Amino acid sequence: MAESMKVVTLLGSLRKGSFNAMVANTLPKIAPEGMTVSALPSIRDIPIYDADIQQEEGFPASVEAIAEQIRAADGVVIITPEYNYSVPGGLKNAIDWLSRLPEQPLAGKPVLIQTSSMGAIGGARCQYHLRQILVFLDAMVMNKPEFMGGVIQNKVDPQTGEVVDQSTLDHLSGQLTAFSKYIQRVKA
Ligand code: FMN
């Protein structure tokens, strides 16, 4: 593996007690040797996409900041809940803004998807909608192994804000190891 492989996380939930945020918080500690994982700025302050804002005022600073960090990263992990069987609006909105940038930051970028929900299938339906969106952005989304964190509320410690369930930790760390190899393959 390259000396330092920089991976950034994009979070689809704004909730203070977000279980997906707990998954994101856990990744830096279980990443394989040589991989650093850090959080991108929140999508909270991104306005709803409006082509008039884009033309008259340019891209919001919140979008530019995320884009710049994605460009500097070797890979992106999108960590999100499922809303109404699909991608949360806030996350879709962030992707819509990013997609209009002249140097579109997700084009050719290795991307890993992690969904978690309180339901049994862990946001599987969102995951396939997100994959479809990322086709148009020409992102290089890793196929397998997938991570769908079902009944995630039973697998975290809200006190520490991290995942504690061992099989979930094993699954996540195995997926990150596969992602590091995938990043190397995409770069080669
Ligand atoms: N959970 C699902 O498994 N499938 C859904 O389609 C789904 N739709 C939701 C829609 C809305 C608007 C909200 C607020 C929640 C929905 N949920 C659904 C429940 C979320 O998975 C659950 O609230 C989860 O904890 C949200 O992730 P977070 O903890 O990271 O904020």
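Preceding block: the structure.
A short tour of the structure in this document, coming up. On a predicted model such as this, the values are computed, not experimentally measured, just so you know.

Some points on the overall build of the chain
Logical step 1: Secondary structure summary: the chain contains 6 helices and 8 strands in total.
Logical step 2: Moving toward the C terminus, one meets the helices and strands of the chain in the order β-α-β-α-α-β-α-β-α-β-β-β-β-α.
Logical step 3: Here the C-alpha radius of gyration of the chain, 16 Å, is about what a compact globule of 188 residues would show, namely 16 Å.
Logical step 4: The principal-axis extents of the C-alpha atoms in the chain amount to approximately 50 × 40 × 30 Å.
Logical step 5: Taken over 188 residues, the chain has a buried fraction of 49%.
Logical step 6: Here the analysis covers contacts within the chain between residues at least 6 apart in sequence; of these, 83% occur between residues at least 24 apart.
Logical step 7: Here the chain has roughly 9,300 Å² of accessible surface; of this, 52% comes from carbon and sulfur atoms.
Logical step 8: A gap of 6 Å separates the mean positions of the 16 positive and 19 negative side-chain charges of the chain.

Conventions and cut-offs
- Residues numbered from 1 in each chain as written.
- Predicted model: local features only at pLDDT ≥ 70, side-chain atom pairs only at ≥ 80, totals over all residues.
- Heavy atoms only, no water.
- Helix = DSSP H or I, 4+ residues; strand = E, 2+ residues; numbered from the N terminus.
- Rg over C-alpha atoms; globule rule 2.2 N^0.38 Å.
- Buried < 20%, exposed > 50% of the residue type's maximum accessible area, 1.4 Å probe, protein only.
- Contact = heavy atoms within 4.5 Å.
- Areas by Shrake-Rupley, 256 points an atom, 1.4 Å probe, with all protein chains shown as cover.
- Lys, Arg positive; Asp, Glu negative; His and termini not counted.
- Charge placed at Lys NZ, Arg CZ, Asp CG, Glu CD.

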